[in-house]
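Listed below are the residues making up each chain.
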Protein chains: 2
Amino acid sequence: MSPTITEVDVFDIRFPTSEQLDGSDAMNPDPDYSAAYVVLRTDAPGGLAGYGLCFTIGRGNDVVAAAIRALRPYVVGRTLDSVTGDLGGFYRLLTHDSQLRWLGPEKGVMHMAAGAVVNAAWDLAARRAGLPVWELLAGMTPEELADLVDFRYLSDALTRDEALEILRRAEPGRAERAALLRREGYPAYTTEPGWLGYSDEKLTRLAKEAVAAGFGQIKLKVGADLDDDLRRMRLAREAVGPGVRIAVDANQRWDVAEAVDWMRALAPYRPHWIEEPTSPDDVLAHAAVRAGQPVPVATGEHVANRVVFKQLLQAGAVDYVQIDAARVAGVNENLAILLLAAKFGVPVCPHAGGVGLCELVQHLSMFDFVAVSGTWDDRVIEYVPHLHEHFTDPVVMENGRYRAPDAPGFSARMVPASLAEYRYPDGPVWTARQELTR
Amino acid sequence: MSPTITEVDVFDIRFPTSEQLDGSDAMNPDPDYSAAYVVLRTDAPGGLAGYGLCFTIGRGNDVVAAAIRALRPYVVGRTLDSVTGDLGGFYRLLTHDSQLRWLGPEKGVMHMAAGAVVNAAWDLAARRAGLPVWELLAGMTPEELADLVDFRYLSDALTRDEALEILRRAEPGRAERAALLRREGYPAYTTEPGWLGYSDEKLTRLAKEAVAAGFGQIKLKVGADLDDDLRRMRLAREAVGPGVRIAVDANQRWDVAEAVDWMRALAPYRPHWIEEPTSPDDVLAHAAVRAGQPVPVATGEHVANRVVFKQLLQAGAVDYVQIDAARVAGVNENLAILLLAAKFGVPVCPHAGGVGLCELVQHLSMFDFVAVSGTWDDRVIEYVPHLHEHFTDPVVMENGRYRAPDAPGFSARMVPASLAEYRYPDGPVWTARQELTR
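Being a predicted model, the structure only gives us computed values, none of them experimental.

Scoring rules and cut-offs
Residues numbered from 1 in each chain as written. Chains lettered and ligands numbered in written order. Predicted model: local features only at pLDDT ≥ 70, side-chain atom pairs only at ≥ 80, totals over all residues. Heavy atoms only, no water. UniProt positions renumbered as here; feature names shortened; annotations may be inferred. Helix = DSSP H or I, 4+ residues; strand = E, 2+ residues; numbered from the N terminus. Core = buried A, V, L, I, M, F, W, Y, C linked by side-chain atoms within 4.5 Å. Buried < 20%, exposed > 50% of the residue type's maximum accessible area, 1.4 Å probe, protein only. Domains from an automatic or database assignment. Contact = heavy atoms within 4.5 Å. Least-squares fit on C-alpha atoms with pLDDT ≥ 70 in both. Pairing = 2+ DSSP bridges. Axes fitted to C-alpha atoms, helices over the stretch in contact; angles between N-to-C directions. Buried area = accessible area lost by both parts, 1.4 Å probe. Salt bridge = Lys/Arg side-chain N within 4 Å of Asp/Glu carboxyl O. Polar contact = N/O pair within 3.5 Å; in protein donor to acceptor, adjacent residues only side chain to side chain. Phe/Tyr/Trp six-rings, centres within 6.5 Å; stacked < 30°, edge-to-face > 60°. Lys NZ or Arg CZ within 6 Å of the ring centre and 35° of its normal. 1 Å grid on protein atoms, 1.4 Å probe; cavity = no way out; pocket = protein on both sides within 12 Å on 5 of 7 lines; lining within 4 Å. Points joined across faces, edges and corners; volume = space filled by probe spheres on them. Nonpolar A, V, L, I, M, F, W, Y, C, P; charged D, E, K, R; others polar.

### Some remarks on the UniProt feature "domain: Mandelate racemase/muconate lactonizing enzyme C-terminal" (unreviewed entry) in chain A
Next up, step 1: Listed under "domain: Mandelate racemase/muconate lactonizing enzyme C-terminal" (unreviewed entry) in the UniProt record, and renumbered for this structure, are residues 200–296 of chain A.
Next up, step 2: As annotated, residues 200–296 of chain A has a helix share of 51% and a strand share of 15%, and its two end C-alpha atoms lie 26 Å apart.

Shown next, in the form of structure tokens:
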């Protein structure tokens with residue numbers, strides 16, 4: 001008899017990050033980094049469980065938690081064999097319920113909730129297999145990987161046969177690349193210096209520290225005030241020197257004309273990319289921004305699903321695809337996006353930071369390197385140094401690169417003490433604050 | 001002193017429509033039509049309150065209710081003057097909270113919840129003014145109307161000045177069109193005959209009844225089986241004769257190539273439009289379907305926000321824009337979409353049916369006729385005859401046309417007895433069913 005999933009535990013976990021202005025940008029002035037955290041409990045020996053999360057920035061984390069609870073009937077009582085043995089079927093079950101689908105389809109709160117549960121199932125499968133998720137994926141055949149993908153709405157850009165061709169092309173050399181990855185780690189960039197709420201002095205100091213720590217790229221938040229951005233870009237360029245890349249990120253602040261004008265003004269400082277110049281739903285606007293100014297365009301952390309990523313690629317609207325581990329419906333949908341990017345020859349540079357996003361997304365880039373695109377040229381994973389201490393298997397950064405995880409799972413498990421302390425609204429961190437404001 | 005909003009009541013109301021296959025289509029085989037229903041209570045004399053709702057098809061209605069509750073702090077304690085006197089500001093408050101925005105932005109559960117609350121505020125404002133919503137809107141100046149719109153992300157297609165120009169162009173003749181509307185009502189079409197779960201006999205009978213009732217257009221659900229669709233289209237055409245329009249609706253069932261092939265096969269029966277041929281997120285696919293076969297393309301009931309509507313128009317992807325009263329952020333966002341459609345010269349034919357969608361959306365088309373597009377040529381509002389008895393001011397259909405409402409408000413108030421009876425899961429309709437399945 002296969003063990004079964006016996007319960008879906010959901011936790012509303014929030015960190016009061018707004019107090020330090022960590023994570024502040026032109027659209028998100030005061031985020032409290034949060035997670036709707038999921039545990040799939042099982043009756044397997046040894047307390048085997050699967051861990052996943054959805055990242056939010058505070059208010060509304062409870063709404064995602066409610067959406068995860070709405071998925072409980074699809075999960076509890078299922079055998080582990082039926083879930084970990086058919087992760088494609090499990091993903092489709094959660095995203096294609098005909099009634100829940102009305103709430104998207106495949107976007108927003110309900111889709112993010114599905115992503116948290118799908119990722120928890122991947123964590124569970126990888127723990128059961130005794131492998132990190134990137135290795136579990138990299139050990140699958142092209143056919144097994146293709147079975148994970150929902151090709152609905154993709155076939156005008158990517159068919160199953162084309163996906164198989166991409167995956168088969170990368171089969172030779174998988175072992176060598178995995179060995180190289182274990183030796184060298186995966187390249188990263190850091191957003192630490194660039195939050196909008198930081199002073200010029202802090203920006204300069206952190207930019208210098210980033211270079212000293214081995215990073216070849218940093219990122220600055222822009223979009224609130226052009227004069228400020230010009231000054232901060234100049235300071236950052238002076239701090240890092242000409243050889244280090246500086247990306248900029250407007251967090252959806254602009255319309256098309258404003259984006260074009262602003263980036264023409266910043267262009268002399270050679271930004272490596274302009275990230276989220278405008279609405280993440282606006283494929284045509286991204287194409288117009290890309291055509292209207294010289295800086296490469298990146299987006300993705302708020303792109304709702306594979307259908308929008310497909311169009312960004314079809315329209316030639318992006319130079320860099322920024323997947324997020326926890327906004328779309330988990331590993332399965334991100335696999336579709338990695339395949340689309342490979343088909344169009346566009347590099348994937350994941351969004352990370354937040355709560356646990358670095359932990360999760362490193363697995364996807366590493367798998368991509370080993371078994372999909374087969375390269376890490378012009379590719380970097382975002383790194384933000386906050387909140388890793390709350391995870392049992394935190395990312396390890398060495399000389400500006402992510403060390404390949406070797407612990408089984410998706411690196412998504414949080415430390416039990418953190419769950420107790422930061423639980424909203426009744427954990428001690430929050431009850432203490434409520435007493436202060438009384 | 002202005003009265004204030006004292007509470008936001010939220011009700012999870014579900015109707016067991018799946019038992020009759022009313023509402024069945026290729027993607028939604030067994031919907032239980034539902035509403036997350038909102039009451040904005042006030043301390044104004046006479047029990048003044050505002051009523052709004054979000055339509056869903058069953059499971060997940062509780063998630064929308066949770067999202068509405070997350071908006072409570074933005075609403076309770078506000079003065080009526082500050083809300084009904086600045087409905088543009090109130091709409092922006094609900095859609096641009098920097099933390100809640102992360103859950104979209106402007107899409108899915110959180111956005112639908114904002115729409116329910118925004119519409120309830122419009123209901124409240126109209127009751128306070130003693131006018132139906134369409135008249136309240138049609139009495140505003142172009143400047144007042146433009147203040148209701150969020151032009152962010154629209155300026156590459158529609159600026160505030162262009163919106164003002166459209167609205168000013170329609171100012172002459174407002175009174176004449178309002179009088180004509182009161183006399184003749186607004187043209188409708190009916191989806192009653194065409195649900196996929198209905199037998200051929202029922203289809204034929206209902207199609208003939210629709211023509212006899214005065215409708216000039218009916219709609220059939222398609223997309224599950226081509227042979228069935230060809231047979232049903234033939235039966236429907238025989239039943240209604242050559243002069244009545246037959247629209248078809250695939251409810252997102254197809255990829256591009258399949259949509260093109262399917263519609264080429266159905267084209268000899270002259271469908272008036274093909275509705276939702278593919279993913280509502282896929283602007284480029286709609287453009288490809290429109291280019292690849294001869295039947296006009298319609299979509300919108302699942303289009304997440306004004307940014308996607310803008311692109312559908314920019315890309316020449318749609319012949320008909322199908323607004324939905326309760327998916328986007330209420331009257332304000334629909335006003336933006338009406339203005340975009342007017343700018344591009346594309347007719348608006350609203351989606352309705354569900355729970356209360358006919359009641360709500362009639363106001364928007366009537367306002368459009370009086371004060372935006374200034375015409376009803378080639379425009380029809382969907383009509384479905386179910387569930388109107390649960391509203392205190394149900395729509396009135398006369399000779400295939402919606403009679404202009406004259407009761408104050410948005411026609412969104414539900415009958416108190418229905419709220420008690422259909423409340424999920426503890427209303428008697430649902431407890432009786434739970435006992436049956438025990």
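### A closer look at the nonpolar core
Next up, step 1: Trp-122 of chain A together with Trp-122 of chain B are the most contacted members of the largest nonpolar core, which totals 317 residues.
Next up, step 2: Mapping this core onto the domain boundaries places at least three of its residues in each of domain 1 (5–132 + 418–434) and domain 2 (174–414) of chain B.
Next up, step 3: Discounting chain neighbours no more than four positions away, the residues touching Trp-122 of chain A are Leu-87, Val-133, Leu-136, Leu-137, Met-140, Leu-148, Val-331, Asn-332 and Phe-410 of chain A.

### Describing the relation of the copies chain B and chain A
Next up, step 1: At an RMSD of 0.0 Å, chain B and chain A line up after a rotation of 180 degrees and a shift of 0.0 Å along the axis. Taken together, the turn and the small shift mark the pair as related by a two-fold rotation axis. Looking at the rotation axis and the C-alpha trace of chain B, the residue lying nearest is Gly-108 of chain B, at 2.3 Å.
Next up, step 2: Most of the interface of chain B is mirrored in chain A, where 100% of its interface residues are also at the interface.

### Comments concerning the sheet that holds strand β2 (residues 34–42) of chain A
All names here are of chain A.
Next up, step 1: Judged by pairing direction, the sheet is antiparallel, and its three strands sit side by side in the order β1-β2-β3 without closing on themselves. Each edge of the open sheet is held by one strand with a lone partner, namely β1 (5–14) and β3 (49–56). Going from strand to strand, the sheet's axes swing by 15 degrees on average, the running direction of each strand aside.
Next up, step 2: Pairing between β1 and β2: nine bridges, direction antiparallel. Of the residues in β2, the one forming a bridge with Glu-7 is Arg-41.
Next up, step 3: Along the sheet, helix α4 (residues 108–129) contacts β1, β2 and β3; its crossing angle with β3, the most-contacted strand, is approximately 150 degrees.

### Regarding the pairing of strand β5 (residues 217–221) of chain B
Residue and element names in this part refer to chain B.
Next up, step 1: The buried fraction of β5 amounts to five of the five residues, a majority that puts the element mostly inside the structure.
Next up, step 2: With burial as the criterion, each face of β5 is covered, one bearing Gln-217, Lys-219 and Lys-221 and the other bearing Ile-218 and Leu-220.
Next up, step 3: Alignment of strand β4 (residues 186–194) against β5, held across two bridges, turns out to be parallel. Residue pairing in the sheet places Thr-190 in a bridge with Ile-218 of β5.

### Overview of the interface of chain B and chain A
Next up, step 1: Counting residues at the interface gives 63 residues for chain B, matched by 63 residues for chain A.
Next up, step 2: Summed over both partners, the interface of chain B with chain A buries about 5100 Å², with 54% contributed by carbon and sulfur atoms.
Next up, step 3: Looking at the side of chain B facing chain A, the largest losses of area belong to Arg-59, Gln-99 and Trp-102 of chain B, adding up to 18% of the total buried there.
Next up, step 4: Linking Lys-107 of chain A and Asp-281 of chain B is a salt bridge whose minimum nitrogen-to-oxygen distance equals 2.8 Å.
Next up, step 5: Taken together, the links from chain B to chain A amount to 36 residue pairs in polar contact (both at pLDDT 80 or more).
Next up, step 6: For the side of chain B that touches chain A, the secondary-structure elements that each account for two or more residues are β3 (49–56), α1 (61–70), α4 (108–129), α12 (283–292) and α13 (306–314) of chain B.

### A few points about the packing of aromatic side chains
Next up, step 1: In this structure the tally under the stated criterion is 28 aromatic pairs over all chains.
Next up, step 2: Note on Trp-273 of chain B and Tyr-320 of chain B: the rings are 5.1 Å apart at their centroids and 50 degrees apart in plane angle, and the pair reads as tilted. Here Trp-273 of chain B, found in strand β7 (residues 271–275), pairs with Tyr-320 of chain B, found in strand β9 (residues 320–321); they are 47 residues apart in sequence, far enough to count as distant.
Next up, step 3: On the accessibility criterion, Trp-273 of chain B (0% relative accessible area) is buried.
Next up, step 4: With relative accessibility at 6%, the residue Tyr-320 of chain B sits in the buried group.
Next up, step 5: Their ring planes at 5 degrees and their centres at 4.1 Å tell us that Phe-369 of chain B and Trp-376 of chain B sit as a pair that is stacked. Accessibility assignment for this pair places Phe-369 of chain B and Trp-376 of chain B in one class, buried.
Next up, step 6: Taken together, the ring pairs in this structure connect Phe-11, Tyr-37 and Tyr-51 of chain A into an aromatic cluster.
Next up, step 7: Sitting over the face of the ring of Tyr-198 of chain A, Lys-202 of chain A holds its NZ or CZ atom 3.9 Å from the ring centroid.

### Considerations on the side chain of Gln-293 of chain A
Residues and elements named next belong to chain A.
Next up, step 1: Mapped onto the secondary structure, Gln-293 falls in the loop between α12 (283–292) and β8 (297–299).
Next up, step 2: For Gln-293, a relative accessible area of 5% gives the class buried.
Next up, step 3: From its side chain, Gln-293 meets the backbone oxygen of Val-289 in a polar contact 3.1 Å long.
Next up, step 4: Of the polar contacts made by the side chain of Gln-293, one reaches the backbone oxygen of Val-295; its length is 2.8 Å.

### Looking at the layout of surface pockets
Next up, step 1: A volume near 300 Å³ is recorded for the largest pocket.
Next up, step 2: Together, 15 residues line the largest pocket, and Arg-14, Gly-58, Arg-59 and Tyr-424 of chain A together with Gln-99 of chain B are the ones closest to its centre.
Next up, step 3: Take the lining of the largest pocket: its biggest share by element is three residues, from helix α17 (residues 428–436) of chain A.
Next up, step 4: A per-class count over the lining of the largest pocket returns five nonpolar, five polar and five charged.
Next up, step 5: By volume, the second largest pocket amounts to about 220 Å³.
Next up, step 6: What lines the second largest pocket is a set of 14 residues, and nearest its centre among them are Arg-403, Ala-404, Pro-405, Asp-406 and Ala-407 of chain B.
Next up, step 7: Of the residues in the lining of the second largest pocket, the class split is seven nonpolar, two polar and five charged.

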